[in-house]
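Architecture and fold: a report
The lines below spell out each chain.
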Amino acid sequence: MTTADTEDFPVAPKQRAIAATAGWLGGATATLRSGAVFILLAALLILFALAQPAFINLNNLMSILQAVSVVAILGAGVTVTLAVGGFDLSIGAVAASSVMAASYGMIVWKLGAYETVPLVLAFGAAVGLLNAFLIVRLKVPDLLATLSMMFLLSGLQLIPTAGRSISAGLILPDGSRASGSYDPHFLSIGRYSLFGTVPVSVVLMLLVAVILFVLTEKTRIGRLLFATGGNELATRLAGASTVRLKTLAYVISGTLASLGGIVIAARVGRGDVSSGGSLLMDAVAASLIGYAVLGLRRPNVLGTIVGAVFVGVLLNGLTMLNAPYYTQDFVKGAVLVAALALTYGLSCGNA
């Protein structure tokens with residue numbers, strides 16, 4: 001046995017120690033990467049609670065969830081279209097048009113809640129179906145098709161009232177005055193709280209999250225939706241109808257956007273022409289933050305809901321700390337960049 005051979009034995013424990021350390025670091029990095037958003041969310045909660053004890057009050061936490069419920073519902077719709085490799089830019093306009101449609105139905109047509117809600121949901125589904133027709137049948141790129149629909153709806157919603165917001169006593173373009181009113185049952189969708197604590201809109205958000213989570217993560221249809229987005233040709237060759245899958249995704253997106261509009265109309269109690277102005281960007285932000293949740297790096301409904309709550313907590317905390325409104329977007333952007341950098345940057349470092 002040579003001297004070189006005898007020197008090999010002490011090296012083995014060192015190699016094992018180095019390997020163990022590398023494995024521990026790799027595990028810690030993976031944990032940090034998958035939980036980056038949750039870690040930042042917990043840090044925000046602790047920071048705001050220490051700075052303003054009223055922040056952690058149950059009523060305030062419920063108000064945060066109520067505020068983000070519409071964004072989360074719309075973001076869930078965007079997530080489904082992202083799953084099939086598409087993108088729905090019309091959701092904000094669909095939601096705003098649904099606000100106007102619900103208000104017009106009750107104020108002008110004197111419909112009740114049980115007629116208005118199905119009618120508005122059907123409107124959203126029809127818009128989703130039209131988007132799918134443009135994209136799937138006419139082969140219009142999804143961004144162009146949904147952008148065109150956004151402009152179409154933004155103008156269409158103003159025509160029946162000549163650009164006026166809708167409220168009781170609305171003066172119509174022909175000079176007559178609308179005599180309808182909001183159905184109290186409809187208003188309860190946006191204003192009533194179960195057990196005096198949990199707003200109905202939060203319950204709707206949770207129902208949407210659970211149903212879509214099961215659909216996208218636990219069923220064959222969900223696997224086919226992601227397969228379509230990953231490789232449409234392979235999915236088609238495997239026997240699945242990518243036409244139907246894409247159509248389903250856009251119909252779900254349009255219907256959820258209308259549901260968000262219903263919640264807004266019920267909360268505000270009027271058809272405001274400026275409603276839905278920021279919904280598109282907030283919903284897209286929530287769905288894209290979802291990529292970073294649990295390190296999945298793909299569209300997922302759970303991540304979208306967490307992303308919406310993340311943004312809601314941040315904005316509510318900044319408001320309670322009296323942060324100037326003109327700094328809130330900057331802080332929001334900085335924190336979101338940090339969350340995404342932790343998720344993707346650490347992943348690149350391991351590659």
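Please refer to the structure higher up on the page.
Presented here is an overview of the structure given in this document.

Calculation criteria
- Residues numbered from 1 in each chain as written.
- Predicted model: local features only at pLDDT ≥ 70, side-chain atom pairs only at ≥ 80, totals over all residues.
- Heavy atoms only, no water.
- Helix = DSSP H or I, 4+ residues; strand = E, 2+ residues; numbered from the N terminus.
- Buried < 20%, exposed > 50% of the residue type's maximum accessible area, 1.4 Å probe, protein only.
- Contact = heavy atoms within 4.5 Å.
- Areas by Shrake-Rupley, 256 points an atom, 1.4 Å probe, with all protein chains shown as cover.
- 1 Å grid on protein atoms, 1.4 Å probe; cavity = no way out; pocket = protein on both sides within 12 Å on 5 of 7 lines; lining within 4 Å.
- Points joined across faces, edges and corners; volume = space filled by probe spheres on them.
- Nonpolar A, V, L, I, M, F, W, Y, C, P; charged D, E, K, R; others polar.
- Core = buried A, V, L, I, M, F, W, Y, C linked by side-chain atoms within 4.5 Å.
- Phe/Tyr/Trp six-rings, centres within 6.5 Å; stacked < 30°, edge-to-face > 60°.
- Lys NZ or Arg CZ within 6 Å of the ring centre and 35° of its normal.

1. A closer look at the overall build of the chain
- Helix and strand counts for the chain come out as 15 helices and 2 strands.
- Taking all 351 residues of the chain together, 45% fall into the buried category.
- The contacts of the chain with a sequence gap of at least 6 include a subset with a gap of at least 24, amounting to 76%.
- Approximately 17000 Å² of the chain is accessible, and the part contributed by carbon and sulfur atoms is 69%.

2. Re unusual backbone geometry
- With phi around 60°, Phe-195 is a residue other than glycine that occupies positive phi space.
- A relative accessible area of 82% places Phe-195 in the exposed class.
- At Asn-322, a residue that is not glycine, the phi angle is positive and equals roughly 60°.
- Looking at the element boundaries, Asn-322 is found in the loop between helix H14 (301-320) and helix H15 (325-350).
- Among the residues examined, Asn-322 registers a relative accessible area of 66% and is labelled exposed.

3. Describing the layout of surface pockets
- Looking at the largest pocket, its volume works out to about 440 Å³.
- In terms of lining residues, the largest pocket is bounded by 22 residues, among which Ala-67, Val-68, Val-71, Asp-282 and Leu-315 are the most central.
- At the level of secondary structure, the elements contributing two or more residues to the lining of the largest pocket comprise helix H4 (58-83), helix H12 (242-268), helix H13 (279-289), H14 and H15.
- No other element matches H4, which puts 6 residues into the lining of the largest pocket.
- There is about 300 Å³ of room inside the second largest pocket.
- In terms of lining residues, the second largest pocket is bounded by 15 residues, among which Ser-97, Met-100, Ala-101, Phe-123 and Pro-160 are the most central.
- Secondary structure elements with two or more residues in the lining of the second largest pocket: helix H5 (91-107), helix H6 (113-137) and helix H7 (142-156).
- Here the element with the most residues in the lining of the second largest pocket is H5; it accounts for 5 residues.
- In terms of residue class, the lining of the second largest pocket is built from 11 nonpolar, 4 polar and no charged.

4. So, the nonpolar core
- Among the nonpolar cores identified, the biggest contains 86 residues, and Leu-74, Phe-186, Leu-212, Leu-256, Phe-310 and Val-313 are the most heavily contacted of them.
- In contact with Phe-186, not counting residues within four places along its chain, are Ala-102, Met-106, Ala-113, Thr-116, Val-117, Ile-262, Ala-265 and Ala-266.

5. A closer look at the environment of Ser-181
- Following the sequence through the fold, Ser-181 ends up in the loop between H7 and helix H8 (184-191).
- Assessed through its relative accessible area of 47%, Ser-181 is described here as partly exposed.
- Considered as a pair, Ser-181 and Arg-270 are 89 residues apart in the sequence and their alpha carbons are 9.7 Å apart.
- Discounting chain neighbours no more than four positions away, the residues touching Ser-181 are Met-106 and Ile-107.

6. A short note on the side chain of Thr-235
- Considering the arrangement of structural elements, one finds Thr-235 in helix H11 (residues 232-237).
- Apart from residues no more than four positions distant in its own chain, Thr-235 is found in contact with Leu-224, Ala-227, Thr-228, Ala-240, Thr-242 and Leu-245.

7. Section: the environment of Ala-285
- Its location among the elements puts Ala-285 in helix H13.
- We classify Ala-285 as partly exposed; its relative accessible area is 24%.
- For the pair Ala-285 and Gly-75, spaced 210 residues apart in the sequence, the C-alpha separation amounts to 8.0 Å.

8. A short note on the packing of aromatic side chains
- Under the definition given, this model contains 4 aromatic pairs.
- On the basis of an interplanar angle of 35° and a centroid distance of 6.0 Å, the ring pair of Tyr-182 and Phe-186 is categorised as tilted.
- Arranged with centres 5.5 Å apart and planes meeting at 80°, the rings of Tyr-325 and Tyr-326 form a pair that is edge-to-face.
- Among the residues examined, Tyr-326 registers a relative accessible area of 60% and is labelled exposed.
- Seen from the ring of Phe-226, Arg-298 lies directly overhead, with NZ or CZ sitting 4.7 Å from the centre.

9. A few points about the environment of Val-99
- Here Val-99 lies in helix H5.
- Look at Val-99 and you get buried, because its relative accessible area is 1%.
- Between the C-alpha atom of Val-99 and that of Gly-260, which follows or precedes it by 161 residues, the distance is 8.6 Å.
- Ignoring sequence-local partners within four residues, the contact set of Val-99 consists of Gly-261, Ile-264, Ala-265, Arg-270, Gly-271, Asp-272 and Ser-275.

Taken by themselves, the reported measurements are silent on function.
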